[in-house]
Amino acid sequence: MSVLKADGLSKSFRRGGLWGGGISHKAVNNVTFALKEGETLAIVGESGSGKSTTARMAMRLLDADEGSVHLLGEEITSASGNTLRILRKDIQMVFQDPFASLNPRMKIVETVGEGLRVHRPEMNHQQRREKVAETLALCGIGEEALDRYPHQFSGGQRQRVGIARALIVEPKVLVLDEPVSALDVSVQAQILNLLKKIQKERNLSYLFISHDLSVVRHVADRVAVMFAGRVVEQGTIEEVFGAPRHPYTKMLLAARPIAHPDQRKENNGNGGLDREGVAESGCVFRLRCAFAQDDCAGFEASIQSDESEHTYACLHPLDKS
Amino acid sequence: MAGHSSVNTNTARSLEVRELSLSVPISGEHVEAVSRVSLVLKPGRVLGLVGESGCGKSLTAQAILRLGEHQGVMRESGDIFLDGESLFSMEEERLRRMRGGHVSMVFQEPMTALNPVFSIGSQITEVIRLHLDMDKGEANTRALKLLHDVGMQDAEAVLKQYPDALSGGMRQRVLIAMAMAADPAYIIADEPTTALDVSVQKRIIQLLRDLQRQRNLGMLLVTHDFGLVAELADDVAVMYAGQIVESGSVEQIFNRPAHPYTRALMGCRPEVSEPGASLPVIAGQVPPPGNWPSGCHFAKRCPLADTACSEPISIDAWSDGKHQARCIHAEEKLPGLEVAL
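Further remarks concern the pairing of strand S7 (residues 186-190) of chain B. Residues and elements named next belong to chain B. Counting buried residues in S7 gives four out of five residues, a clear majority hidden from the surface. Relative to S7, strand S6 (residues 103-106) runs parallel, the two sharing four bridges. Within S7, the residue paired with Val-106 across the bridge is Ala-189. Both S7 and strand S8 (residues 218-223) contribute to a ladder of five bridges, which runs parallel. By the bridge assignment for S8, Ala-189 is matched with Leu-221. Crossover S7 to S8 through helix H7 (residues 198-214) is right-handed.

Moving on to the sheet that holds strand S5 (residues 74-75) of chain A. Residue and element names in this part refer to chain A. Strand order in the open sheet made by the four strands is S2-S1-S4-S5, with antiparallel pairing throughout. Two strands bound the open sheet, and with one partner strand each, they are strand S2 (23-36) and S5. Two elements, strand S1 (residues 2-15) and S2, share 10 bridges in a ladder whose sense is antiparallel. Counterpart to Leu-9 in the pairing with S2 is Val-31. Against the sheet, helix H1 (residues 51-58) touches S1, S2 and strand S4 (66-71), its axis set at about 120° to S1.

Now for the packing of helix H3 (residues 108-119) of chain A against helix H5 (residues 155-167) of chain A. Axis separation between H3 of chain A and H5 of chain A bottoms out at 7 Å; the angle between their running directions is 35°. Where H3 of chain A abuts H5 of chain A, its residues Ile-108, Thr-111, Val-112 and Gly-115 of chain A lie against Val-161, Ala-164 and Arg-165 of chain A.

Right, let's talk about the interface of chain B and chain A for a bit. Taken together, the contact pairs 43 residues of chain B with 36 residues of chain A. Elements that contribute at least two residues to the side of chain B that touches chain A include exactly helix H6 (168-179), H7, helix H8 (226-232), helix H9 (250-255) and helix H10 (260-267) of chain B. In terms of residue count, the dominant contributor to the side of chain B that touches chain A is H7 of chain B (nine residues). Across the side of chain B that touches chain A, the residue classes break down as 20 nonpolar, 13 polar and 10 charged.

Among the eight residues that make up H10 of chain B, six are buried, leaving the element largely enclosed by the rest of the structure. Among all positions in H10 of chain B, only Pro-260, Tyr-261, Thr-262, Arg-263, Ala-264 and Leu-265 of chain B are buried. Among the structural elements, helix H6 (185-202) of chain A together with strand S9 (235-240), strand S10 (243-249) and H9 of chain B are those in contact with the buried residues of H10 of chain B.

Attention now goes to H6 of chain B. Residue and element names in this part refer to chain B. When the terminal C-alpha atoms of H6 are compared, their 17 Å separation across 12 residues agrees well with the 16 Å that a helix rising 1.5 Å per residue should span. Extensive coverage of H6 is indicated by the burial of 11 of its 12 residues. Check the buried side of H6 and you find it contacts S6, helix H3 (120-131), helix H4 (136-149), S7 and H7.

For the rest of this paragraph, the subject is the packing of H5 of chain A against H6 of chain A. Residues and elements named next belong to chain A. Contact pair H5 / H6: the axes reach a minimum separation of 10 Å and the direction vectors enclose 20°. In terms of orientation, H5 and H6 fall into the roughly parallel class. Both H5 and H6 take part in a crossing whose hand is right-handed. Residue-level inspection shows Gly-155, Gly-156, Gln-159, Arg-160, Ile-163 and Leu-167 of H5 in contact with H6, the latter providing Val-187, Gln-190, Ile-191, Leu-194 and Ile-198. Class assignment for the residues of the contact of H5 with H6 results in six nonpolar, four polar and one charged.

What follows covers the nonpolar core. Ranked by size, the top nonpolar core spans 184 residues in total, and within it Val-175, Leu-207 and Val-225 of chain A together with Leu-49, Leu-220, Leu-221 and Val-229 of chain B carry the most contacts. For Val-175 of chain A, the residues in contact, after removing those within four places along its chain, are Ala-55, Ala-58, Met-59, Ile-91, Met-93 and Leu-207 of chain A.

Turning our attention to the pairing of S10 of chain B. All names here are of chain B. Most of S10 sits inside the fold, with six of its seven residues counted as buried. Sheet topology note: the S9/S10 ladder contains six bridges and is antiparallel. Within the sheet, the bridge partner assigned to Val-238 lies in S10 and is Glu-246. Hairpin connection, S9 to S10: the antiparallel pair is bridged by two residues, and Ala-241 has positive phi, about 45°. One ladder, built from two bridges, connects S10 with strand S12 (residues 323-325); its direction is antiparallel. Bridge pairing in S12 links Ser-247 to Gln-324.

Reading guide: rules and limits
- Along each chain, residue indices are assigned from 1 in the same order as the chain's sequence is written.
- For naming, the first written chain is A and the first written ligand is 1, with later ones following in the order written.
- For this predicted model, a pLDDT threshold of at least 70 governs which residues receive local features, and a threshold of 80 or more governs which side-chain atom pairs are given and counted, while totals over whole chains, interfaces and linings are taken from all residues.
- Residues with at least 20 neighbouring C-beta atoms inside 10 Å of their own are called buried, those with 12 or fewer are called exposed, and the rest are partly exposed, where every C-beta is derived from the backbone.
- Think of it this way: any DSSP run of H or I at least four residues long counts as a helix, any run of E at least two long counts as a strand, and we number them from the N terminus.
- Should DSSP find at least two bridges between two strands, the strands are taken to pair.
- Place the viewer so that the strands point away; then a crossover is right-handed whenever the path from the first strand over the helix to the second strand goes clockwise.
- Think of it this way: build a C-beta for each residue from its backbone, and any pair within 7 Å is a contact.
- Angles run from 0 to 180 degrees between N-to-C directions of axes, and those axes are lines fitted to C-alpha atoms, restricted for helices to the stretch in contact.
- Residues were grouped as follows: Ala, Val, Leu, Ile, Met, Phe, Trp, Tyr, Cys and Pro as nonpolar; Asp, Glu, Lys and Arg as charged; and all remaining residues, including Gly, as polar.
- A helix is expected to span 1.5 Å multiplied by its residue count minus one.
- Oblique is the label for every angle not falling under 35 degrees (roughly parallel), over 145 degrees (roughly antiparallel), or within 65 to 115 degrees (roughly perpendicular).
- Left-handed describes a crossing whose near helix is turned anticlockwise from the far helix through less than a right angle; right-handed describes the clockwise counterpart.
- A set of buried residues drawn from Ala, Val, Leu, Ile, Met, Phe, Trp, Tyr and Cys, joined through C-beta atoms within 7 Å, is what defines a nonpolar core.

Here it is in structure tokens:
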């Protein structure tokens, strides 16, 4: 069963034009996905691909222009006020920059316990404090942290605090927006291990937003690859990383950092030029695609399926290798 | 060479950091942040200086251009020699010409390193005319050529554009063009691809490698990213808490990392892990300047540490030819590569 389901999400923003006007730009275009219980679905893409906008719509931090979101079977797209607040208890977010997302003037016990005031109003001060201590402990932060302020913590510890704050109301779904991008690699490993452990213990479902394919390969069960506001390919990690069918996915995978100097490749003859640009019509990737043909101009594909099968939005997919 | 400069006996062409110690002001006190760091950068070679945030790698790199001093960074001891001449004995005018001339720098932030109110053309020609005796026309021609050299399509149009019209990758190309403006012999590249998308990163890596080879540049590549080191470096120095803890050729470091810190750092990368498996981690955190242990700086986090590690340890405590590690337990079985939370 899917715990979080998005159907045909779209969102436009206006760009340019100081007082209105400007050009409307579709940041997210007809995105559909389903997150199953206990799994990690990664949304991967480069900057401007619409992955964060999608995440924000999925948890109603941002209203979609079109499409719907179901959380645990309930439509949340049109929920408001109290209903929305109650629904939010089941879906919480962890942000990239743990420092920017923690109030510098609030003690850790207040920051982490904030959600309890809203969702567990029956708890008294002492109960809240105990619950905070317990949740922090789960995240590897000792009790001595309760009365400290965010600046007294390192980046990795702050991210642990950020995770504890999301967990305190015992959600079913965590939306993790680049949760390890700002961290050093040794700290990143600690946080990834922690997320894995908590997921197992609490049977949590993760929507994991990232630009980092190595991290995604490590943490996710399934992945949706976004380019220019659309999902261009989705499937299990083995399918998408093992035999990518969409040329954009293949290009992204080829651009991954190498792990050893033996893997150095000499220049591949494209002159090192950046091919930029997004097609206004037809396949969004065709201007950058080495396999584009004439019929790509008339092909406007979004992945409609939210099933776990391997799907890709391409007229001339790469062979299964 | 100015007669009163202190002169290195080794006059071969090189950029040499020798036993450099730097301190930074923390709560009103000067605290050592870089501890007796030695590096040798030769023309035609890429030296990767790698470490996590706060290890002192950027402070070291900035010291080579004598930057950071206005922010209170102080040299405590040691020296830097540019082709044999001490940077700290150089007069202000020579220093100014050296910066961006003989030695230039590419920074991490392509978004902030360009001035938004001047055109790309005027910013590049400004650098050219600062270092080379050229009139406006000649400088313009050179700017155009530089943009071509860094793979910029439609260079003529780009000259007239302002930074906000360019993507991150294009801005980084402009900054690299500016760094090449006065035909430097050495280039300091501080996280040159960190702020870029992966597909753009790869192309900037190719560009840097091409330029470095064509121009026989000596490049100091400062980064936290072993992937970038694997792509570009010939030699590697690993920094931890202000010290070089291991150095050697890129093959030596990747094939046979010796220091427990290097080994752990390389082992915890998700790209070398089994999907889904727990990653090996280094327990604890980097001690900040002022809180370094008297002996090995890594001892508190090291599963191999014993009482002998509380004595100062020299960089050649373990060595195999040019491969050195500041460790008396190098290569011993490392239980720390098991998983911990």
